[in-house]
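In case you want the letters, here they are:
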Amino acid sequence: MIINKINPSKKEREKVNSLINSFFKKIKTRLKDAIPELGGSMAKDTWLAGDHDIDIFIKFPYSKYYNKDISKTLQERLKVIKYEVMHGSRDYLQIKQGNYIFELIPVLNIKHSSRNLNITDVSPLHSKYVKKNNKNPIEIRLAKAFLKANNLYGAESYIKGFSGYVIELLVIYYCSFLNLVKHASNWKNQTIIDLSSYYKNEKEILANINKDKITNLILIDPVQPERNAAAALSSERYFEFINICKKYLKNPNEKFFELKEFDLNEIKKKADKNKLITFLIKPLDGKPDVVGSKLLKVFNYTKNKINNEGFKILDCNWNWKEDTLF
């Protein structure tokens with residue numbers, strides 16, 4: 001059964017918990033008045049078997065640090081530990097321990113989203129909401145595995161898919177994975193979901209959401225009602241999800257949950273007698289999100305150039321692992 005493959009075993013849970021506990025002991029005394037708190041899918045119990053990313057929020061007292069650079073403060077306090085600084089809306093630290101990656105995200109300790117000075121400050125509130133409303137973690141794991149296997153998982157700018165938080169909210173709203181798939185298969189050009197019924201109607205939602213954040217899926221963040229949690233989702237990924245849901249309902253089987261290895265020979269077979277052009281790309285070094293964004297930009301530029309010269313592209317995609325292939 002697919003559930004047995006995606007659900008962390010007792011042994012894996014014990015190993016992860018042991019790692020987290022020992023890591024907390026290692027950093028706690030150095031953090032002084034900042035409080036470490038487990039975050040992400042590990043905290044919400046929505047992580048998939050084999051997931052090696054562990055998010056930890058480092059919560060700084062608001063009144064003392066609201067006007068300070070808490071990223072620099074965190075770096076200074078953990079300077080005896082080997083880490084890599086990762087750049088984002090607020091810099092955070094990445095520490096590798098064996099096959100596991102700990103990401104330490106500095107945040108201001110807030111109780112309401114209106115107090116946030118950075119989008120990351122709200123993240124612990126997301127975890128709190130999901131933990132409180134997550135009735136069946138297995139259903140969320142099924143949805144995550146389904147989207148991951150079909151290359152729809154990830155809100156990074158080069159993926160523009162469904163973030164883990166968006167998937168969690170959708171399953172909470174629809175109550176189960178299957179119910180989500182059934183409803184999503186009937187989504188139209190635009191779907192608007194307000195979990196907490198914060199707004200009176202869709203008209204009020206559209207009037208209050210930032211115009212730049214209005215996308216095919218508008219999912220009102222229950223802890224930050226002025227925010228569309230699905231703003232990073234592209235139209236392409238939105239409609240791909242609808243189509244894959246329709247295919248699954250016609251023939252539900254475990255293949256929809258299995259990660260498929262990239263196979264150029266399969267693409268050659270699919271191309272058949274049509275012309276197939278492949279480009280082997282050498283990416284620049286850097287943060288994955290930045291490198292991926294540059295690769296996507298080059299991919300789209302190349303695609304548009306081919307189209308503008310009068311050629312008809314039947315299908316195209318790109319793969320980025322050890323090698324990068326357009």
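Being a predicted model, the structure only gives us computed values, none of them experimental. (Residues numbered from 1 in each chain as written. Predicted model: local features only at pLDDT ≥ 70, side-chain atom pairs only at ≥ 80, totals over all residues. Heavy atoms only, no water.)

Trainee: Got a sec to walk through the overall build of the chain? Specific residues and values, please.
Mentor: On a plain count of helices and strands, the chain comes out with 13 helices and eleven strands. Computed over the C-alpha atoms, the radius of gyration of the chain is 21 Å, within 12% of the 20 Å expected from 2.2 N^0.38 for a compact globule of 326 residues. Considered along the principal axes of its C-alpha atoms, the chain spans approximately 65 × 50 × 45 Å. In the chain, which comprises 326 residues, the share counted as buried stands at 44%. (Helix = DSSP H or I, 4+ residues; strand = E, 2+ residues; numbered from the N terminus. Rg over C-alpha atoms; globule rule 2.2 N^0.38 Å. Buried < 20%, exposed > 50% of the residue type's maximum accessible area, 1.4 Å probe, protein only.)

Trainee: Describe in detail the side chain of Ser 41, supporting the description with residues and values.
Mentor: Along the chain, Ser 41 falls in helix H3 (residues 40-44). Ser 41 sits in the buried class, given a relative accessible area of 16%. Contacts of Ser 41, omitting those with residues within four sequence positions, involve Thr 46, Trp 47, Asp 51 and Lys 144. (Contact = heavy atoms within 4.5 Å.)

Trainee: Mind laying out the pattern of salt bridges, listing which residues take part and the relevant values?
Mentor: Applying the stated criterion across every chain, the model contains 15 salt bridges. Taking the shortest distance from any N to any O, the salt bridge between Asp 33 and Lys 64 comes out at 2.9 Å. Remark: Lys 64 occurs in helix H4 (residues 62-65) and Asp 33 occurs in the loop between helix H2 (10-31) and strand E1 (35-38); sequence separation between them is 31 residues. Note on Asp 33: relative accessible area 26%, which makes it partly exposed. Of the charged contacts in the structure, one is a salt bridge between Glu 37 and Lys 59, with a shortest N-O distance of 2.9 Å. Of this pair, Glu 37 sits in strand E1 while Lys 59 sits in strand E2 (residues 53-61), and the two are 22 residues apart along the sequence. Owing to a relative accessible area of 14%, Lys 59 belongs among the buried residues under this scheme. Residues joined in a network through salt bridges with shared partners are Lys 5, Glu 254 and Glu 258. (Salt bridge = Lys/Arg side-chain N within 4 Å of Asp/Glu carboxyl O.)

Trainee: Break down the state of the cysteines for me, with residues and values.
Mentor: Counted according to the given criterion, the structure contains zero disulfides. Here Cys 175 stays free of any disulfide, with the sulfur of Cys 245 as its closest cysteine sulfur at 16 Å. A residue is classified by how much of its surface remains accessible, and Cys 245, at 0% relative accessible area, is buried. (Disulfide = S-S within 2.5 Å.)

Trainee: Just give me the short version of the packing of aromatic side chains, but keep the residues and values in it.
Mentor: Taken as a whole and judged by the stated rule, the model has 22 aromatic pairs. Here the aromatic rings of Trp 318 and Phe 326 are separated by 6.2 Å at their centres, their planes lie at 90°, and the arrangement is edge-to-face. In this structure Trp 318 comes out as buried when scored by relative accessible area, which is 17%. Positioned above the aromatic ring of Tyr 62 is the side chain of Arg 115, whose terminal nitrogen or guanidinium carbon lies 4.1 Å from the ring centre. (Phe/Tyr/Trp six-rings, centres within 6.5 Å; stacked < 30°, edge-to-face > 60°. Lys NZ or Arg CZ within 6 Å of the ring centre and 35° of its normal.)

Trainee: Mind laying out the packing of helix H6 (residues 123-133) against helix H8 (residues 164-174), listing which residues take part and the relevant values?
Mentor: Put simply, H6 and H8 touch, their axes get as near as 11 Å, and they point 30° apart. The angle between H6 and H8 places the two elements in the roughly parallel class. The element H6 and its partner H8 pack so that their crossing is left-handed. Contact residues: H6 offers His 126, Tyr 129, Val 130 and Asn 133, while H8 offers Tyr 165, Glu 168, Leu 169 and Ile 172. By residue class, the composition of the contact of H6 with H8 is five nonpolar, two polar and one charged. (Axes fitted to C-alpha atoms, helices over the stretch in contact; angles between N-to-C directions. Parallel < 35°, antiparallel > 145°, perpendicular 65-115°, else oblique. Left-handed = near helix turned anticlockwise from the far one by under 90°. Nonpolar A, V, L, I, M, F, W, Y, C, P; charged D, E, K, R; others polar.)

Trainee: Hey, could you go over a nonpolar patch on the surface for me, with residue numbers and the actual values?
Mentor: A cluster of nonpolar side chains, contributed by Phe 262, Ile 267 and Leu 276, occupies part of the molecular surface with about 230 Å² of accessible area. In this structure, Leu 276 sits in the loop between helix H12 (264-271) and strand E9 (280-281). (Patch = residues over 30% accessible without salt bridge, like charges linked within 9 Å, V, L, I, M, F, W, Y side chains within 5 Å. Areas by Shrake-Rupley, 256 points an atom, 1.4 Å probe, with all protein chains shown as cover.)

Trainee: Go over the nonpolar core with me, naming the residues and quoting the values.
Mentor: If you look at the biggest cluster of nonpolar residues, it comprises 71 residues, and the most contacted ones within it are Phe 102, Leu 104, Phe 162, Leu 170, Trp 187 and Phe 241. Per-element accounting of this core gives the leading share, eight residues, to H8. With residues up to four places along the chain from it excluded, the contact list for Leu 170 reads Phe 162, Leu 180, Trp 187, Ile 193, Leu 217 and Leu 219. One finds Tyr 158, Ile 159, Leu 295 and Phe 299 within the second-largest nonpolar core, a separate group that totals eight residues. (Core = buried A, V, L, I, M, F, W, Y, C linked by side-chain atoms within 4.5 Å.)

Trainee: How would you explain H2 if you had to name every residue and give the values?
Mentor: Here H2 contains 22 residues, and its C-alpha end-to-end distance of 31 Å stays within 8% of the 32 Å for a straight helix at 1.5 Å per residue. When the local axis directions of H2 are compared, the greatest deviation, roughly 25°, occurs at Lys 25. If you check which residues of H2 are buried, you get Glu 12, Val 16, Leu 19, Ile 20, Phe 23, Phe 24, Ile 27 and Leu 31. On the buried face of H2, the contacting elements are E1, H3, E2, helix H5 (70-77), strand E4 (92-97) and strand E5 (100-109). Of the residues flanking the end of H2, it is Lys 32, one or two places downstream, whose phi is positive at about 60°. (Expected span 1.5 Å × (residues − 1). Bend = angle between axes of the 7 residues up to and from the residue.)

As far as function goes, none of this settles anything; it's purely spatial.
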